[in-house]
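For reference, the chains in residue letters:
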There are 2 protein chains.
Amino acid sequence: MVKQRDTKPSAKTAFVTHDHEGCAAGTLHRAQEAAREKGVRMTPVRQRALEILLEEHRAMGAYEVLDRLAADGFGNQPPVAYRALEFLVENGLAHRVRRLNAFAACMRPGEDHAPVFLICRACGEVAEAGADEVRSALLDAAARHNFTVERATVEALGLCPRCVDGAEVVA
Amino acid sequence: MVKQRDTKPSAKTAFVTHDHEGCAAGTLHRAQEAAREKGVRMTPVRQRALEILLEEHRAMGAYEVLDRLAADGFGNQPPVAYRALEFLVENGLAHRVRRLNAFAACMRPGEDHAPVFLICRACGEVAEAGADEVRSALLDAAARHNFTVERATVEALGLCPRCVDGAEVVA
DNA sequence: AGAGAAAATGTGATAAGGTAACATTGCTGT
DNA sequence: ACAGCAATGTTACCTTATCACATTTTCTCT
Ligand SMILES: [Zn+2]
Ligand SMILES: [Zn+2]
Ligand SMILES: [Zn+2]
Ligand SMILES: [Zn+2]
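Within any chain, residue numbers begin from 1 and follow the written order of that chain's sequence. Chains and ligands are labelled sequentially in the order written, the chains with letters from A and the ligands with numbers from 1. Only residues with pLDDT of at least 70 are given local features in this predicted model, and only at 80 or more are side-chain atom pairs given and counted; all residues enter the totals for whole chains, interfaces and linings. Computation of side-chain values covers all heavy atoms of the structure but excludes hydrogens and water.

Of the comments in the UniProt record for chain A, the one headed Sequence similarities (unreviewed entry) reads "Belongs to the Fur family." UniProt positions are given in the numbering used here, feature names are shortened, and annotations may be inferred rather than shown by experiment.

Undergrad: Can you tell me about the environment of Ile119(B), naming the residues and giving the values?
TA: Along the chain, the position of Ile119(B) falls in strand S3 (residues 115-120). The class for Ile119(B) is buried, based on a relative accessible area of 2%. Once the C-alpha coordinates of Ile119(B) and Val97(B) are considered, the two residues, 22 residues apart in sequence, prove to be 9.2 Å apart. Apart from the residues lying within four places of it in its own chain, the contact partners of Ile119(B) are Phe147(A), Val97(B), Arg99(B), Leu100(B), Glu125(B), Val126(B), Glu155(B), Ala156(B), Leu157(B) and Gly158(B). Note on conventions: DSSP H or I runs of at least 4 residues are helices, E runs of at least 2 residues are strands, and numbering of each starts at the N terminus. Here's how the labels work: a residue is buried when its accessible area is under 20% of the maximum for its type, exposed when over 50%, partly exposed in between, all with a 1.4 Å probe on protein chains only. Should any heavy atoms of two residues lie within 4.5 Å, those residues are considered in contact.

Undergrad: Describe the packing of helix H4 (residues 62-71) of chain B against helix H5 (residues 78-90) of chain B, with residues and values.
TA: All names here are of chain B. Interhelical geometry of H4 versus H5 gives an angle of 110 degrees and a closest axis separation of 8 Å. Here H5 runs roughly perpendicular to H4, going by the angle between their axes. Contact with H4, carried on its side by Ala62, Tyr63, Leu66 and Leu69, involves Pro78, Val80, Ala81, Tyr82 and Leu85 of H5 and no other residues of that element. Here the contact of H4 with H5 is built from residues that sort into nine nonpolar, no polar and no charged. As a rule, the C-alpha atoms of each element are fitted with a line to give its axis, helices using only the stretch in contact, and angles between N-to-C directions run from 0 to 180 degrees. Any angle between 65 and 115 degrees counts as roughly perpendicular, while under 35 counts as roughly parallel, over 145 as roughly antiparallel, and the rest as oblique. When residue character is reported, Ala, Val, Leu, Ile, Met, Phe, Trp, Tyr, Cys and Pro are called nonpolar, Asp, Glu, Lys and Arg charged, and the others, Gly included, polar.

Undergrad: Describe helix H4 (residues 62-71) of chain A, with residues and values.
TA: At 3.6 residues per turn, the α-helix brings residues three or four places apart onto the same side. All names here are of chain A. Looking at H4, one finds that the buried residues are Ala62, Val65, Leu66 and Leu69. Down the axis of H4, the sector holding all buried residues measures 105 degrees, keeping them to one side. Among the exposed residues of H4, those oriented more than 90 degrees off its buried face are Tyr63, Asp67 and Ala71. Against helix H3 (44-54), helix H5 (78-90) and strand S2 (102-105) lie the buried residues of H4. Count one or two residues on from H4 and you reach Gly73, which has phi positive near 95 degrees. Within this analysis, the arc is defined by the directions that extend from the helix axis to the C-beta atoms.

Undergrad: I'd like a rundown of the coordination of the zinc ion (ligand 1), residues and numbers included.
TA: Residue and element names in this part refer to chain A. For the zinc ion (ligand 1), every protein donor is listed as His18 (NE2), His20 (ND1), Cys23 (SG) and His57 (NE2), and the spread of their distances is 2.0 to 2.3 Å. Coordination here is defined by N, O and S atoms within 2.8 Å of the metal (3.2 Å for Na, K and Ca), and since water is not considered, a site can look incomplete. Spacing between the donor residues of the zinc ion (ligand 1) along the chain follows H-x1-H-x2-C-x33-H. Note that His20 is positioned in helix H2 (residues 20-38) and His57 in the loop between H3 and H4, a separation of 37 residues in sequence. With respect to class, His20 is no different from His57; both count as buried.

Undergrad: Describe the protein's contact with DNA strand C, with residues and values.
TA: Around DNA strand C sit 15 residues in total, of which Tyr63(A), Arg96(A), Thr43(B), Val45(B) and Arg83(B) are the nearest. For the purposes of these results, a polar contact is taken to be a pair of N or O atoms within 3.5 Å, where, inside protein, one atom must be able to donate a hydrogen and its partner to accept one; residues adjacent in sequence count only when each atom of the pair is a side-chain atom. Tyr63(A) has a polar side-chain atom sitting 2.5 Å from a base nitrogen of DNA strand C. Thr43(B) has a polar side-chain atom sitting 2.7 Å from a phosphate oxygen of DNA strand C. Mapped onto the surface near DNA strand C, the elements with two or more residues apiece are H5 of chain A together with helix H3 (44-54) and H5 of chain B. Here the surface near DNA strand C is composed, by residue class, of seven nonpolar, four polar and four charged. Nearness here has a simple test: a residue counts as near a molecule or strand if at least one of its heavy atoms is within 4 Å of that partner.

Undergrad: I'd like a rundown of the relation of the copies chain B and chain A, residues and numbers included.
TA: Only residues with pLDDT of at least 70 in both copies contribute their C-alpha atoms to the least-squares superposition of the copies. If you rotate chain B by 180 degrees and push it 0.0 Å along the axis, it lands on chain A with an RMSD of 0.1 Å. Both copies of the chain, as the preceding transformation shows, are related through a two-fold rotation axis. Closest approach to the rotation axis among the C-alpha atoms of chain B is made by Val154(B), whose C-alpha sits 2.3 Å away. When the interface residues of chain B are mapped onto chain A, 100% of them again lie at the interface, so the same face is used by both copies.

Undergrad: Lay out the confidence of the model for chain A in plain terms, naming residues and giving numbers.
TA: Residue and element names in this part refer to chain A. Mean pLDDT over chain A works out to 90, with 91% of the residues at or above the 70 mark. Residue-level confidence of the predictor is summarised by pLDDT, bounded by 0 at the bottom and 100 at the top. Here helix H1 (residues 9-13) is the element of chain A with the lowest mean pLDDT, 61, and S2 is the one with the highest, 98. Taken as a whole, residues 1-8 scores under 50 in pLDDT and shows two contacts with residues more than four places along the chain or in a different chain.

Undergrad: Run through the side chain of Glu128(A), naming residues and quoting values.
TA: All names here are of chain A. With respect to the element layout, Glu128 can be found in strand S4 (residues 126-129). Asp and Glu count as negative and Lys and Arg as positive, but His and the ends of the chain are not part of the count. By definition, a salt bridge exists where a carboxyl oxygen of Asp or Glu is found within 4 Å of a side-chain nitrogen of Lys or Arg. Despite its burial, Glu128 pairs with no opposite charge; the closest candidate is Arg108, at 5.3 Å N-O. For Glu128, the side chain forms a polar contact with the side chain of His95, separated by 3.1 Å. Looking at Glu128, its side chain comes within polar contact range of the main-chain nitrogen of Met107, at 3.1 Å.

Undergrad: Before we move on, can you summarise the protein's contact with DNA strand D with the specific residues and values?
TA: Thr43(A), Val45(A), Gln77(A), Arg83(A) and Tyr63(B) are the nearest of the 16 residues found near DNA strand D. Taking all atoms of DNA strand D within 4 Å of the protein, the share assigned to sugar and phosphate is 48%. Contacts to DNA strand D include Arg83(A), whose side-chain N or O atom sits 2.5 Å from a base nitrogen. Contributing elements (two or more residues each) for the surface near DNA strand D: H3 and H5 of chain A together with H5 of chain B. Of the residues in the surface near DNA strand D, the class split is seven nonpolar, four polar and five charged.

Here it is as structure tokens:
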């Protein structure tokens, strides 16, 4: 059979225990590469911000990132974090998760993909799912209203496979 | 004039010039009916909040709604608006538009639908598009990750048919 | 009708998220 | 070296959202 190369990390890492050290390092490397190819500058704050986002598969608020950056000797005012995060988002190295008012590292930097997020309400993990079908269905729906889509937000809130067993016992 | 009984308002009103007076009145009526059937109380503040949202096909911030409510003699503190809006959202009479941090009246109250929003970045109009295909595609994508979807946010930002001609001349 | 419980509202305070504006630093090219 | 521009530091401020608690209204049951 055709052996899958390391081109689809998200499919392998979403809600599955894995070597996250390597996962993060690899993604960071790919992000750096993507930035270089794109001709944008990966400065220290920006890189550090991305590293922070990559530590876990969850979304972090700007102020949470800011605290971490400040602790590392960078500025401690909101624009420091917002600017770094804005840079990462604009260059496809991170995503904004609107449901959480937070940011998450992109797991497929440079791939020009349409992100769909799966957000576990129990453990807070966020996975990026490939979903071209969702996009095309959305474009179809928009087309029926003669609407021109420029950017789309698709986010699902629910329970990941690890949390689905035993999460609703609370109620 | 009892003409529209089993119509699909959203499909007819989205980005199309129409009798909005009747559109709003009809939707309000259907919302009241839905609330009654559901056994929840449509109090004065709640109804007024919905009326305010129904005035235009766009999303309004909570504070904007609050100002209007205060002007009508209701309380002028944030919880007044947030509570009314929360009620409307929880009972399917309004939706939260996350991309705008705002709220929009639901155009098909009581219909138990999965809302997909088309947001025009030029005129600010917001349309609710029916998109079962988008939902099922999203559920499929989630299923591939063994993720259980509970709630989903699908929002598209772009240009409505009325704004698409002549909007980008600015740049 | 009247007591008690539950739901809804009023209000003050504060947390959390986000931006504008301007000074300063540092890189880039000539 | 020096002009020009990108990036950063910093101050101040704005918007959005929630908490906590007192008061009123409405519901429920006797
Ligand atoms: Zn990982
Ligand atoms: Zn989980
Ligand atoms: Zn209308
Ligand atoms: Zn428009």
